[in-house]
Amino acid sequence: MEFETVQVETHGRVGLIRLHRPQALNAISVQLIKDLSAALDALEADRTIGCLILTGSERAFAAGADIKEMQNFTYPDTYLDDFITSWERLSRTRKPIIAAVSGVALGGGCELAMMCDFILAADTARFGQPEIRLGVMPGSGGTQRLTRFVGKSKAMEMCLTGRMMDAVEAERCGLVSRIIPAADLVEEALKVAANIAAMSLPVAMMTKESVNRAYETSLAEGIRFERRVFQSQFALADQKEGMAAFIAKRPAEFNKE
């Protein structure tokens with residue numbers, strides 16, 4: 001697969017998407033979102049791929065939206081063309097997807113990272129929602145997802161001041177799952193993704209859906225959803241194989257298709 005603004009690699013059962021606008025620190029343009037969506041569609045349709053990674057460069061995961069492209073938009077442009085809604089394609093990815101963040105993830109870059117299932121951060125990573133300095137507010141989930149990740153007080157401060165947080169603070173407040181030396185980030189992300197991809201793909205997808213449900217419903221409704229999905233997994237050959245392998249003290253061989 002070849003695209004103008006993203007690079008796609010496959011590593012066994014892992015699909016890696018690299019944002020690639022080096023001259024603009026991976027600023028998010030309309031073309032980049034089109035390319036990213038097409039790459040996601042292709043990898044989601046490929047049954048040999050069990051987990052995805054989204055990353056950028058050492059300097060920048062993504063420095064934000066392309067301001068030169070956005071500057072002259074009007075309200076009718078943004079409303080009638082439904083600008084930014086197309087970014088949500090990433091949040092609708094059904095297969096597990098990891099954000100591997102090195103350098104800056106600002107504005108739309110931070111929002112894209114938060115749309116992934118979890119974030120592995122290089123020790124050089126910095127996160128922020130600096131849109132207020134441009135006379136606008138976050139428009140692709142920055143006020144909503146960030147608040148759910150780090151709480152109202154810290155999200156409010158970041159969105160109102162544009163302050164960035166480093167990797168240590170991001171891990172401490174729950175925005176990222178782990179910090180990894182920058183030189184090892186992609187290698188570690190590939191290891192984690194390969195581990196996930198070795199599991200049952202339908203069960204991994206159901207697990208992702210169930211965890212996400214925790215953010216979208218009450219505890220009681222979430223528990224009911226989890227219980228029904230768990231029960232449904234006893235119709236899967238992967239459940240029979242996984243439990244038989246455990247009893248036999250051997251590695252499970254899940255269906256890779």
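Residue positions within a chain follow its written sequence, with the count starting from 1. Side-chain atom pairs in this predicted model are given and counted only at pLDDT of 80 or more, local residue features only at pLDDT of at least 70, and totals for whole chains, interfaces and linings cover all residues. With hydrogens and water excluded, all non-hydrogen atoms of the structure serve as input to the side-chain values.

A. Structural view of the packing of helix 9 (residues 201-213) against helix 10 (residues 219-232). Lines fitted to the C-alpha atoms define the axes, with helices restricted to the stretch that makes contact. Angles between their N-to-C directions range from 0 to 180 degrees. A run of H or I in DSSP becomes a helix once it reaches four residues, and a run of E becomes a strand once it reaches two; helices and strands are each numbered from the N terminus. Two elements in contact, helix 9 and helix 10, have axes whose closest approach is 9 Å; the angle formed by their N-to-C orientations is 170 degrees. Between helix 9 and helix 10, the crossing angle belongs to the class labelled roughly antiparallel. Packed against helix 9, whose contacting residues are Met206, Glu209, Ser210 and Arg213, the element helix 10 presents Gly222, Phe225, Glu226, Val229 and Ser232 at the interface. Any residue that is not Ala, Val, Leu, Ile, Met, Phe, Trp, Tyr, Cys, Pro, Asp, Glu, Lys or Arg is counted as polar, Gly included; the first ten are nonpolar and the last four charged. Across the contact of helix 9 with helix 10, the residue classes tally to 3 nonpolar, 3 polar and 3 charged. For classification purposes, an angle smaller than 35 degrees is called roughly parallel, one larger than 145 roughly antiparallel, one from 65 to 115 roughly perpendicular, and anything else oblique. Whether two residues are in contact is decided by their heavy atoms: any pair within 4.5 Å suffices.

B. How the structure looks around unusual backbone geometry. Phi angles above zero are rare outside glycine, and Leu25 is one such case at about 50 degrees. Within the element layout of this structure, Leu25 appears in the loop between strand 2 (14-19) and helix 1 (30-45).

C. Molecular detail of helix 9. To estimate the expected span of a helix, count its residues, drop one, and scale the result by 1.5 Å. With 13 residues, helix 9 extends 18 Å from end C-alpha to end C-alpha; this agrees with the ideal 18 Å at 1.5 Å per step. Looking only at helix 9, the buried set comprises Leu201, Ala204, Met205, Lys208 and Ser210. Considering only its buried residues, helix 9 is in contact with strand 5 (97-101) and helix 10. Remark: exposure states derive from per-residue accessible area (1.4 Å probe, protein chains only) relative to the maximum for the residue type, with buried under 20%, exposed over 50%, and partly exposed in between.

D. Focus on the pattern of salt bridges. One side-chain nitrogen of Lys or Arg within 4 Å of one carboxyl oxygen of Asp or Glu is enough to make a salt bridge. The full count for this structure, using the stated rule, is 13 salt bridges. Where Glu169 meets Lys154, a salt bridge forms, and the shortest distance between an N and an O atom there is 2.8 Å. With Glu169 in helix 7 (residues 167-172) and Lys154 in helix 6 (residues 152-161), this pair connects stretches of sequence that are 15 residues apart. Accessibility expressed as a relative area gives 11% for Glu169, which makes it buried. Relative accessible area serves as the criterion here: at 24%, Lys154 is assigned to the partly exposed category. Across the salt bridge formed by Glu187 and Lys191, the nearest N and O atoms sit 3.8 Å from each other. Placement of both Glu187 and Lys191 in helix 8 (residues 185-197) is noted, with a separation of 4 residues, approximately one turn of the helix.

E. Examining the sheet that holds strand 9 (residues 165-166) more closely. On the basis of which strands lie adjacent, the open sheet formed by 4 strands has the order 4-6-8-9 and mixed pairing. Each of the sheet's edge strands pairs with one partner strand only, and the pair in question is strand 4 (60-62) and strand 9. Here 3 bridges tie strand 6 (residues 104-106) to strand 8 (residues 126-128), and the two strands are oriented parallel to one another. Bridging across to strand 8, Ala105 finds its partner in Phe127. The sheet contacts of helix 4 (residues 108-115) involve strand 4, strand 6 and strand 8, and relative to strand 6 the element is tilted by about 95 degrees. Two strands qualify as a pair provided that DSSP identifies no fewer than 2 bridges between them.

F. Focus on the pairing of strand 5. Counting buried positions along strand 5 gives 5 out of 5 residues, so the element sits mostly inside the fold. Side chains Ile97, Ala99 and Val101 of strand 5 all project onto a buried face; the interleaved residues Ile98 and Ala100 project onto the opposite face, where all are buried too. Across 4 bridges, the pairing between strand 3 (residues 51-55) and strand 5 is parallel. Residue Leu52 lies in a different strand from strand 5, and its bridge partner there is Ile97. Both strand 5 and strand 7 (residues 118-122) contribute to a ladder of 4 bridges, which runs parallel. Paired with Ala99 across the two strands is Ile119, which belongs to strand 7.

G. Structural context of the environment of Ile223. Relative to the helices and strands, Ile223 is located in helix 10. On a C-alpha basis, the gap between Ile223 and Thr85 in space is 30 Å, while along the polypeptide they are 138 residues apart.

H. Quick look at the side chain of Glu44. For Glu44, the position within the fold is in helix 1. At 3.4 Å, the side chain of Glu44 and the side chain of Arg89 are in polar contact. Here a polar contact means two N or O atoms within 3.5 Å. Within protein one must be a hydrogen donor candidate and the other an acceptor candidate, and residues neighboring in sequence count only if both atoms are side-chain atoms. A distance of 3.0 Å separates a polar side-chain atom of Glu44 from the backbone nitrogen of Lys95.

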